[in-house]
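Residue-level structure breakdown
Each chain, letter by letter, is given below.
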Amino acid sequence: MNGQIVWINLIDYTPAELLVYGLGCFLWVIAYGIYIKNIVKLKYVEMPVFAGCCDVGWEFTWSFLAYNNMGMLFQGANVVWVLLDLGFIFSVGVIGYGWKQFSTPRLQKKPFYPLMCIFIAVFAAATTYFMNIQGLDNAVGGRSAFLIQLAISFLYVPLMLRQTNLENFSYAANWLRALGSALVVVFFYMHYPNDYFLQLIGTVSAIVDGAFLYLFAEKRRQLRMAAGPEVNAQAA
């Protein structure tokens with residue numbers, strides 16, 4: 001190190017660990033791309049609002065206020081994530097269209113709704129920051145990240161099940177986010193074998209993601225059956 005920029009930390013991490021973690025992050029980047037495309041096309045953001053707000057808060061903290069020790073390549077990836085999130089997913093998707101997820105009129109109205117989103121994002125950033133400086137997180141922000149990931153996993157299920165159809169949800173994006181998160185959990189087992197708290201929340205998140213994918217496929221099958229053979233033939 002000696003003051004030199006280290007792009008990939010091969011001292012504290014094995015190539016296998018970096019590959020598994022990096023692949024998991026890459027799958028999330030592809031999922032983000034699908035989210036952005038669908039926000040433009042559908043004028044809807046499928047990521048649960050609370051989770052989306054917490055997500056951008058975590059990304060901001062781990063881009064500018066906290067630094068992981070995996071190397072500048074991974075730190076740079078955090079910066080790219082937060083720029084994508086702040087520049088589009090959060091500012092356009094969550095702020096612009098996230099109110100459609102709510103049925104309560106008060107939660108849909110301006111200025112209450114955008115102020116609520118900003119408050120949650122700032123609170124998440126502050127919580128993530130204090131977890132880091134008080135030594136409650138690990139070197140890659142895994143504990144704080146997967147507390148948010150648990151929220152994403154659990155909140156996705158009722159949000160999807162409330163829909164009358166699935167036109168606003170991408171099966172591909174959900175597979176990518178689920179598989180990407182699962183690979184990061186595998187990394188946790190590899191690099192943090194004694195961090196049982198992290199392994200627990202990561203494993204539960206993966207189980208809930210698997211349940212979501214099953215329920216998504218089941219609901220899609222039921223909707224196709226209800227649509228009738230003529231509609232299915234046209235869709236094919």
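So, here's what we can say about the structure. (Residues numbered from 1 in each chain as written. Predicted model: local features only at pLDDT ≥ 70, side-chain atom pairs only at ≥ 80, totals over all residues. Heavy atoms only, no water.)

Take the overall build of the protein chain next. Counting its regular elements, the protein chain contains nine helices and zero strands. Counting from the amino terminus, the protein chain carries its helices and strands in the arrangement α-α-α-α-α-α-α-α-α. Over its C-alpha trace the protein chain gives a radius of gyration of 19 Å, about what one expects of a compact globule, namely 18 Å for 236 residues. Structurally, the protein chain occupies a C-alpha span of about 65 × 40 × 30 Å along its principal axes. Burial statistics for the protein chain: of 236 residues in total, 46% are counted as buried. Long-range contacts, defined as pairs at least 24 residues apart, comprise 77% of the intrachain contacts of the protein chain with a sequence gap of at least 6. Per element, the accessible surface of the protein chain, about 12,100 Å² overall, is 70% carbon and sulfur. (Helix = DSSP H or I, 4+ residues; strand = E, 2+ residues; numbered from the N terminus. Rg over C-alpha atoms; globule rule 2.2 N^0.38 Å. Buried < 20%, exposed > 50% of the residue type's maximum accessible area, 1.4 Å probe, protein only. Contact = heavy atoms within 4.5 Å. Areas by Shrake-Rupley, 256 points an atom, 1.4 Å probe, with all protein chains shown as cover.)

Take the side chain of K219 next. For K219, the position within the fold is in helix α8 (residues 196-227). Comment: no salt bridge for buried K219; closest opposite-charge side chain is E167, at 12 Å. Ignoring sequence-local partners within four residues, the contact set of K219 consists of M160, L161, R162, Q163 and L166. (Lys, Arg positive; Asp, Glu negative; His and termini not counted. Salt bridge = Lys/Arg side-chain N within 4 Å of Asp/Glu carboxyl O.)

Tracing the sequence through the fold places N9 in the segment before α1 (15-42). Residue classification places N9 among the buried residues on the basis of a relative accessible area of 2%. Of note is the side chain of N9, whose polar atom sits 2.8 Å from the side chain of D12. (Polar contact = N/O pair within 3.5 Å; in protein donor to acceptor, adjacent residues only side chain to side chain.)

Let us now look at unusual backbone geometry. A cis geometry characterises the amide bond from K110 onward to P111, with omega recorded as 0°. Even without a glycine there, the phi angle at K43 is positive, about 55°. Judged by relative accessible area, K43 falls into the partly exposed class, the value being 38%.

This part covers a nonpolar patch on the surface. A cluster of nonpolar side chains, namely I5, W7, I8, L10, M72 and L73, defines an oily patch on the protein surface of about 640 Å² accessible area. Within the secondary structure layout, L73 lies in helix α3 (residues 72-97). Judged by its relative accessible area of 47%, L73 is partly exposed. (Patch = residues over 30% accessible without salt bridge, like charges linked within 9 Å, V, L, I, M, F, W, Y side chains within 5 Å.)

Our next topic: the pattern of salt bridges. A complete count under the given rule lists three salt bridges for this structure. Here R143 ties to D195 by a salt bridge, and the two come within 3.0 Å at their closest N and O atoms. One end of the pair, R143, is in helix α6 (residues 142-161); the other, D195, is in the loop between α7 (171-191) and α8, with 52 residues separating them in the sequence. Exposure remark for R143: the relative accessible area of 23% places this residue in the partly exposed category. Here R221 and E218 are joined by a salt bridge, their closest N and O atoms 2.6 Å apart.

Interhelical geometry of helix α2 (residues 49-65) versus helix α5 (residues 112-133) gives an angle of 45° and a closest axis separation of 7 Å. The angle between the axes of α2 and α5 places the two elements in the oblique class. Between α2 and α5 lies a crossing whose hand is right-handed. For the pair α2 and α5, contact is made by V49, F50, C53, C54, V56, G57, W58, T61, W62 and L65 and by Y113, C117, I120, A121, A124, A125, T128, Y129 and N132, respectively. Counted by class, the contact of α2 with α5 contains 15 nonpolar, four polar and no charged residues. (Axes fitted to C-alpha atoms, helices over the stretch in contact; angles between N-to-C directions. Parallel < 35°, antiparallel > 145°, perpendicular 65-115°, else oblique. Left-handed = near helix turned anticlockwise from the far one by under 90°. Nonpolar A, V, L, I, M, F, W, Y, C, P; charged D, E, K, R; others polar.)

Okay, the packing of aromatic side chains next. For any two aromatic rings, the description comes down to two numbers: the centre-to-centre distance and the angle of the planes. Counted under the stated rule, the structure contains 20 aromatic pairs. Between Y156 and F169, the ring centres sit 6.3 Å apart and the planes meet at 70°, which makes this aromatic pair edge-to-face. Taken together, the residues Y156 in helix α6 and F169 in the loop between α6 and α7 connect sequence positions 13 residues apart. Each member of the pair, Y156 as well as F169, is classed as buried. Taken together through their ring pairs, the aromatic side chains of Y13, Y21, F74, F146, F187, F188 and Y192 make up a single cluster. Over the face of the ring belonging to Y156 we find R177, whose NZ or CZ atom lies 4.0 Å from the ring centre. For the cation-ring pair, R177 lies above F212, with the distance from its terminal atom to the ring centre recorded as 5.1 Å. (Phe/Tyr/Trp six-rings, centres within 6.5 Å; stacked < 30°, edge-to-face > 60°. Lys NZ or Arg CZ within 6 Å of the ring centre and 35° of its normal.)

Coordinates in, geometry out; function isn't part of it.
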